[in-house]
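Residue strings, one per chain:
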Amino acid sequence: MERLSPDTIIGIDLGTTNSCGAVAHGDGQVKLIPYKGGEYTIPSIFAIDDKGNELIGHEAKRQWQLNPRNTLYATKRLIGRAPRDEVVDTMQQSVQYRLHAGDRNDVEVDCHGRSFSIQEIASRILAKIRDVASDHLGFKVQRAVVTVPAYFTDRQRQAVKEAGALVGLEVVRIINEPTAAALAYGIGKRLDERVLVYDLGGGTFDVSIIEIRDRVFEVKATGGDIFLGGIDFDDAMIRFVLDDFRNKHGIDLSSDPVAMQRIKDLAERTKIDLSARTEAPFSIPFITMTPQGQPLNMDVRFDRKLLEALTQHLVDRSLKIMGGVMVDAGITAKDIDEVMLVGGQTRMPIIQERLTRFFGKPPSKGVHPDEAVGIGAALYGWSLQESSDLKLQLLDVIPMSIGIEQAGGAMHVVFPRNAAIPNARTIAATNAVDRQSELAMRIYQGDQPWSADNELLGEFTFSGVRPGRAGEVRLEILFEVNVEGILTMSARDLDTGRQMKTTVRISTR
Ligand code: AMP
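Every value quoted in this text rests on a predicted model; they were computed, and no experiment measured them.

Participant: Describe the site of the ligand, listing the residues and the values that go with them.
Facilitator: Within the structure, the ligand sits among 13 residues, and G202, E268, K271, S275 and G344 are positioned closest to it. Between the ligand and E268 there is a distance of 2.6 Å, counted from an oxygen atom to a side-chain nitrogen or oxygen. Within the contact set of the ligand, an oxygen atom lies 2.8 Å away from a side-chain nitrogen or oxygen of K271. For the ligand, whose free accessible area comes to 500 Å², the fraction covered by protein is 88%. When residues in the shell around the ligand are grouped by element, the largest group, 4 residues, is from helix 7 (residues 257-276). Residue composition of the shell around the ligand, grouped by class: 1 nonpolar, 9 polar and 3 charged. Among the domains, domain 1 (9-228 + 318-396) and domain 2 (230-309) are the pair contributing at least three residues each to the shell around the ligand.

Have a look at this one:
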């Protein structure tokens, strides 16, 4: 590690269930940051215990069962989300902690009588990784490349940058998780290949088709679902055991937070066991009492076939999304040289079997599913440092269209999905009425034909429009999406060249 210096940029995989930090040097050697106990990933969990202590990672997970209301997990699913978003309701039904609307059109969480924004929770996890990395490296880490699901919107990407800023960590670049995994796989191998990354983690699913030509990584198409991940596999099992218990004993455990937490824990452990074994008992002693005070146990025989049946719709959904991304890229199964598995949930045997059947060959074992994303982020971070001789070129795309709301509510697409980034486009606009001093535009991201069915990124107002008769002032609106998939907008008067002042409302920024 002779060349590490305080301007080091570490890589951070900020996952829904687990997070990981890494640092690279030389011509691509990577070191994962070890935590107490030697593990390389930490649970993305934040909690406050009954004495008011903040706990992060393993410490938070250890006390989870006893303190379910003040243990915040999977909050990444809420980042950059509006409170009226239906996914927020769905999420509230499956978590034991409480959500409420914040005052920036975002979601906040309650923990031990305090209210936190989702960015604040993410910032605690980033800070933990930064601090452990700093102890390990012997200097204070200040900069990082942070990965996000490829399917994150502009607003969610902004929120991750903000999370870093809250704890004084400069997020120098946001990169997409599957792209990072492809970097971990491809650097130093002088490849000329087309890979498909199938990334099914704890909370999100991404697919990217990436062409690797030595040190150039070019994403051809991407797609995903930020509500499809290991947690949904756990939930399918949880629903099954709750129904089974209700049928046997007439008791609904879903409103008992401690019982639910024990079930959740065991569901995940049983699911993981069933990747290695074909049967596993699902037994929890004394889970509740009958009205007569008689203790009851939960006892279900689980086998791999049952798990597969309960979750088949989730695997089907992922394969359907994958098919759509292949259509977008204009390729078929035979055009893919390697299929890469990323994310812990891809260890489920049926997923590997179905991909093997689909592509006619088994997925590559070239990367570690839990570590590839962090490793790729570290490599990219290293390539951005001045002292580095690792030169990389990443060419990525936006996952969903970005556009404006037209009169009548239809979406006018400015950048179609899979448009290469960085990218810039202009559209012409004019004043609709005499002496109009402001021009406002609602910007959306999504692939639905009606704006209201897409995600509102913000309402941009351009003020200082020159007074003139309707239709006389000609404006040019510039949309720029940077390499991180983040949008900025500006407007200028085409006749005078003067820039308008831009303000944004209804957004996290
Ligand atoms: P990640 O976000 O990549 O850390 O993925 C974590 C998800 O993978 C969690 O939902 C885990 O339950 C799941 N997972 C980890 N190991 C296994 C396994 N052996 N079989 C099935 N799922 C797993």
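The structure having been displayed, the exposition proceeds.
Participant: Any details on the domain arrangement of the protein chain? Residues and values, ideally.
Facilitator: We note that the domain assignment places domain 1 (9-228 + 318-396), domain 2 (230-309) and domain 3 (398-505) within the protein chain. Here the C-alpha centroids of domain 2 and domain 3 sit 50 Å apart.

Participant: Tell me what's going on with the packing of aromatic side chains, and back it up with residues and numbers.
Facilitator: Evaluated as defined, the whole model comprises 7 aromatic pairs. Taken together, a centroid distance of 4.9 Å and an interplanar angle of 50° make the contact between W64 and Y73 tilted. The same class applies to W64 as to Y73, namely buried. Residues Y198 and F205 carry aromatic rings whose centres are separated by 4.9 Å and whose planes lie at 65° to one another, so their mutual orientation is edge-to-face. Each member of the pair, Y198 as well as F205, carries the same accessibility label: buried. Directly above the aromatic system of F227 lies the positively charged group of R77, at a separation of 4.6 Å from the ring centroid.

Participant: Quick one: what's the story with the side chain of Q63, residue by residue and with numbers?
Facilitator: Following the sequence through the fold, Q63 ends up in the loop between helix 1 (58-62) and strand 7 (71-73). The buried category is assigned to Q63, whose relative accessible area is 14%. A polar atom in the side chain of Q63 sits 2.8 Å from the backbone oxygen of A60. A distance of 3.0 Å separates a polar atom in the side chain of Q63 from a polar atom in the side chain of T71.

Participant: Requested: an account of the environment of P34, with residues and values cited.
Facilitator: Mapped onto the elements, P34 comes out in the loop between strand 3 (29-32) and strand 4 (41-43). The spacing of P34 and I129 is 95 residues in sequence and 9.7 Å in space, taken between C-alpha atoms. Setting aside chain neighbours within four positions, we find P34 in contact with E39, Y40, V132 and H136.

Participant: Hey, could you go over the pairing of strand 5 (residues 45-48) for me, with residue numbers and the actual values?
Facilitator: The alternating pattern of strand 5 places I45 and A47 on one face and F46 and I48 on the opposite face, and all of these are buried. Both strand 5 and strand 7 contribute to a ladder of 3 bridges, which runs antiparallel. In the strand pairing of strand 7, A47 is matched with T71. In this sheet, strand 6 (residues 54-56) lies alongside strand 5 in antiparallel orientation, the contact comprising 3 bridges. By the bridge assignment, A47 is partnered in strand 6 with L55. Linking strand 5 to strand 6, which pair antiparallel, is a turn of 5 residues; within it G52 sits at a positive phi near 90°.

Participant: Can you explain the side chain of Q385? Please cite residues and give values.
Facilitator: Mapped onto the elements of the fold, Q385 is located in the loop between helix 10 (372-384) and strand 19 (393-397). Within the local environment of Q385, its side chain forms a polar contact with the backbone nitrogen of I9, the two atoms lying 2.9 Å apart. For Q385, the contacting residues outside a window of four places in its chain are D7, T8, I9 and R143.

Participant: Now, about the sheet that holds strand 24 (residues 438-445): what can you tell me, with residues and values included?
Facilitator: Within the open sheet, the 5 strands sit side by side as 21-20-24-25-28. Their pairing is antiparallel. Edge positions in the sheet fall to strand 21 (411-415) and strand 28 (501-505), since each has one partner strand and no second. Across the sheet, the mean angle from the axis of one strand to that of its neighbour is 30°, orientation sign disregarded. Sheet analysis places strand 25 (residues 455-463) next to strand 28, joined by 5 bridges and oriented antiparallel. If you follow F462 over to strand 28, its bridge partner there is T502.

What counts and what doesn't
- Residues numbered from 1 in each chain as written.
- Predicted model: local features only at pLDDT ≥ 70, side-chain atom pairs only at ≥ 80, totals over all residues.
- Heavy atoms only, no water.
- Near = heavy atom within 4 Å.
- Polar contact = N/O pair within 3.5 Å; in protein donor to acceptor, adjacent residues only side chain to side chain.
- Areas by Shrake-Rupley, 256 points an atom, 1.4 Å probe, with all protein chains shown as cover.
- Helix = DSSP H or I, 4+ residues; strand = E, 2+ residues; numbered from the N terminus.
- Nonpolar A, V, L, I, M, F, W, Y, C, P; charged D, E, K, R; others polar.
- Domains from an automatic or database assignment.
- Phe/Tyr/Trp six-rings, centres within 6.5 Å; stacked < 30°, edge-to-face > 60°.
- Buried < 20%, exposed > 50% of the residue type's maximum accessible area, 1.4 Å probe, protein only.
- Lys NZ or Arg CZ within 6 Å of the ring centre and 35° of its normal.
- Contact = heavy atoms within 4.5 Å.
- Pairing = 2+ DSSP bridges.
- Axes fitted to C-alpha atoms, helices over the stretch in contact; angles between N-to-C directions.

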